[in-house]
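Structural overview
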Protein chains: 2
Amino acid sequence: MRNLKLILSYDGSEFAGWQVQPDAVTVQGTLASAIGRITGEKVLPQGSGRTDAGVHALAQVVTFVTESSVPAANFVKALNDILPASVRVLEVEEAAADFHARRSARGKTYRYRIYRAAICTPFLARYVWHYPYPLNEPAMVRAAGLVEGEHDFTSFAAADPERSAGVPPPFASSENRHGREGAPASNVRRIFTSSWECQGDEFIYTVKGSGFLHHMVRNLVGTFILVGKATLRAEDLTRILEARDRSAAGATAPASGLYLVNVEY
Amino acid sequence: MRNLKLILSYDGSEFAGWQVQPDAVTVQGTLASAIGRITGEKVLPQGSGRTDAGVHALAQVVTFVTESSVPAANFVKALNDILPASVRVLEVEEAAADFHARRSARGKTYRYRIYRAAICTPFLARYVWHYPYPLNEPAMVRAAGLVEGEHDFTSFAAADPERSAGVPPPFASSENRHGREGAPASNVRRIFTSSWECQGDEFIYTVKGSGFLHHMVRNLVGTFILVGKATLRAEDLTRILEARDRSAAGATAPASGLYLVNVEY
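Here the structure is a predicted model, which is why all the values come from computation and not from measurement.

The next thing to look at is the packing of helix α1 (residues 27–39) of chain B against helix α2 (residues 72–82) of chain B. Residues and elements named next belong to chain B. Running from N to C, α1 and α2 point in directions that differ by 120°, and their axes come no closer than 9 Å. Our classification of the angle between α1 and α2 gives oblique. Helix-helix and strand crossings are classified by hand; for α1 and α2 the assignment is right-handed. Contacts between α1 and α2 pair Ala34, Ile35, Arg37, Ile38 and Thr39 from the former with Phe75, Ala78, Leu79 and Ile82 from the latter.

Given below as structure tokens:
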């Protein structure tokens, strides 16, 4: 029995998210079927986390167990020959038996792209959030810095308690979805870096953390936008974190601008 | 009665080409319907030329006649509010009564993007031709230069005589599709510049000419690829032009790599 680790890039636009679902085209389901065609096995590849419909990945990490003797390197070409062009396997390698894409993850980086020009070129429409209105960018930079460190991110977590897109941080004793040994789920996460930068016509948010709750990055971006519009002050981020109440923060930013950039182990 | 000139950019991936067709989503049909919603008129906007299914435009030029009093500048926002994100109006301005997007055109520039890396990122799959195999690029550069000047491009024209994607060059007395006064259609066109350049992982062909026959740029690219693969020598381009026979040239390159870059008047 071999444990294989894949690095996967995908354009999330035409997928109903990562997680396999009946009657919907998902990245996990598409990959499972491609692996099945090569190995003849029925496998459910495990991602480092779920991405929602429309969310992209530059380097999602995936593990799956197989009896197949196909060399790891050959899986790259064989899978890419079967997969649609919107999903590409960048790398396949043997992993230790106890390596698991989600449970072994120590940190993740996400990026969110906002397109600022008045008219959004059609070639970027699926890949950014087009927001051509005025924004106080320096205030957004200050606000982003205030979420760095260890915080309870309940205010930025999707209201549906069944879903956590995140991995438990190393210091947490439970997972959101199935609290181990009945321990209550924790919404505490550590954000290592959180920053905005201008790049041409884009204003880009990059956040690196121990793990992320469902919708957390998009809810942070939706809240930073309120700071940019001066509906909130940058300093309000501290108050919103302390409120531990989803209704204290801004709306969920669109999926199209969000990218899972990489996963650290 | 006003004559309006639009500059239009579109991602051709999800359109059955420019030209309006029953039961198919086309750029011309989509634009006609958006204009109709604003002006209440039934208009058929005229493009500088047709683009095929999957072919993109950075700056297609379009004219249409209207009785509407909506200021030209307001059409930009009004149309972009109605059009899908895959089609953007970049500019609208008043044009002289005798200005016509196709008949007034004096030249056009097309670009063709070939992606050379082993794995094509999902974010470019719709926008390039992925060709990761070896190519003799200097030979392709030489071949491209040989089609500059005035030539009969019959060898590079689609076999269907009903379709010409090109505009008649200033020196031609007839159009391909409907020879004026019964004159035979001419496949003579003048190519001003024809060249390849490397840009990162891409090898990009740019061609500027008086007009282009149907499939001409894609057939040129398909033939340059044969030179790149050493199936042909660069010098064979001269012989192929002289043959005036479609079967002498290479296959039609995929639509996804082709862009109408601009139109000159």
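Structure shown, so let's carry the discussion forward.
Okay, the environment of B:Pro84 next. Residue and element names in this part refer to chain B. Among the secondary structure elements, Pro84 is positioned in the loop between α2 and β4 (87–95). The class for Pro84 is partly exposed, based on a relative accessible area of 34%. On a C-alpha basis, the gap between Pro84 and Leu31 in space is 9.7 Å, while along the polypeptide they are 53 residues apart.

Moving on: the side chain of A:Ser48. Residues and elements named next belong to chain A. Looking at the element boundaries, Ser48 is found in the loop between β2 (46–47) and β3 (56–66). Look at Ser48 and you get buried, because its relative accessible area is 0%. A polar side-chain atom of Ser48 sits 2.6 Å from a polar atom in the side chain of Gln60.

The next point concerns unusual backbone geometry. A positive phi angle, near 70°, is found at A:His215, a position not held by glycine. Positive phi is not limited to glycine here, since B:Asp23 has a value of about 65°.

Listed per partner, the contact involves 23 residues of chain A and 23 residues of chain B. Across the interface of chain A and chain B, roughly 1400 Å² is buried in total on both sides, 73% from carbon and sulfur atoms. Together, A:Ile119, A:Pro122 and A:Phe123 form the three largest contributors to the area buried by chain A at its contact with chain B, with a combined 45%. The interface formed by chain A and chain B contains 2 salt bridges. A salt bridge links B:Glu14 to A:Arg126; the nearest nitrogen and oxygen atoms lie 3.3 Å apart. Contributions of two or more residues to the side of chain A that touches chain B are made by β1 (2–10), β3, α2 (72–82) and β4 (87–95) of chain A. Residue contributions to the side of chain A that touches chain B peak at 4 residues, all from β4(A). The residue makeup of the side of chain A that touches chain B, split by class, is 15 nonpolar, 4 polar and 4 charged.

Residue and element names in this part refer to chain A. Counted by the stated rule, this structure contains 28 aromatic pairs over all chains. Where Phe64 meets Phe75, the ring centres are 5.8 Å apart and the plane angle is 75°; that geometry is what we call edge-to-face. Taken together, the residues span a long stretch of sequence, with Phe64 in strand β3 and Phe75 in helix α2 at a distance of 11 residues. For the pair formed by Phe64 and Phe75, the shared burial category is buried. When the ring of Trp196 is compared with that of Tyr205, the centres are 5.1 Å apart and the planes differ by 35°; the resulting orientation is tilted. Taking the relative accessible area as the measure of exposure, Trp196 reaches 7% and is therefore buried. For Tyr205, a relative accessible area of 0% corresponds to the buried category.

Glancing now at the relation of the copies chain A and chain B. For these two chains of identical sequence, chain A goes onto chain B by a turn of 180° and a shift of 0.0 Å along the axis, with RMSD 0.0 Å. With respect to symmetry, the two chain copies, as superposed, fit the operation of a two-fold axis. Distance from the rotation axis, computed per C-alpha, reaches its smallest value in chain A at A:Phe123: 4.8 Å. Comparing interface residues between copies, 100% of those in chain A also lie at the interface in chain B; the contact surface is shared.

Residue and element names in this part refer to chain B. Among all positions of α2, only Ala72, Phe75, Val76, Leu79 and Asn80 are buried. Within α2, the buried residues cover an arc of 115° as seen down the axis, which keeps them to one side. α2 presents Ala73, Lys77 and Asp81 as exposed residues on the side facing more than 90 degrees away from its buried surface.

Taken as a whole and judged by the stated rule, the model has 30 salt bridges over all chains. Where B:Asp11 meets B:Arg126, a salt bridge forms, and the shortest distance between an N and an O atom there is 2.9 Å. With B:Asp11 in the loop between β1 (2–10) and α1 and B:Arg126 in the loop between β5 (107–115) and β6 (129–130), this pair connects stretches of sequence that are 115 residues apart. Connected via shared salt-bridge partners are A:Asp11, A:Glu14, A:Arg126, B:Asp11, B:Glu14 and B:Arg126.

For the rest of this paragraph, the subject is helix α5 (residues 236–243) of chain B. Since there are 3.6 residues in each turn of an α-helix, residues three or four apart along the chain are aligned in direction. Residue and element names in this part refer to chain B. Among all positions in α5, only Asp236, Leu237, Ile240 and Leu241 are buried. Along the axis of α5, the buried residues cluster in a sector spanning 140°; they form a single face. Contacts made by the buried residues of α5 are with α3 (137–145), β7 (149–152) and α4 (216–228). Of the residues one or two after α5, Arg244 is the one with positive phi, at around 45°.

Moving on, we get to the packing of α3(B) against α4(B). Residues and elements named next belong to chain B. Remark: α3 packs on α4, axes separated minimally by 8 Å, with the N-to-C direction vectors making an angle of 140°. Put simply, α3 runs oblique to α4. Crossing hand, α3 versus α4: right-handed. In this structure, α3 uses Ala139, Met140, Ala143 and Ala144 to contact α4, whose residues at the interface are Phe224, Ile225, Val227 and Gly228.

Quick notes on the rules
Residues numbered from 1 in each chain as written. Chains lettered and ligands numbered in written order. Predicted model: local features only at pLDDT ≥ 70, side-chain atom pairs only at ≥ 80, totals over all residues. Heavy atoms only, no water. Axes fitted to C-alpha atoms, helices over the stretch in contact; angles between N-to-C directions. Helix = DSSP H or I, 4+ residues; strand = E, 2+ residues; numbered from the N terminus. Parallel < 35°, antiparallel > 145°, perpendicular 65-115°, else oblique. Left-handed = near helix turned anticlockwise from the far one by under 90°. Contact = heavy atoms within 4.5 Å. Buried < 20%, exposed > 50% of the residue type's maximum accessible area, 1.4 Å probe, protein only. Polar contact = N/O pair within 3.5 Å; in protein donor to acceptor, adjacent residues only side chain to side chain. Buried area = accessible area lost by both parts, 1.4 Å probe. Salt bridge = Lys/Arg side-chain N within 4 Å of Asp/Glu carboxyl O. Nonpolar A, V, L, I, M, F, W, Y, C, P; charged D, E, K, R; others polar. Phe/Tyr/Trp six-rings, centres within 6.5 Å; stacked < 30°, edge-to-face > 60°. Least-squares fit on C-alpha atoms with pLDDT ≥ 70 in both. Arc of directions from axis to C-beta.

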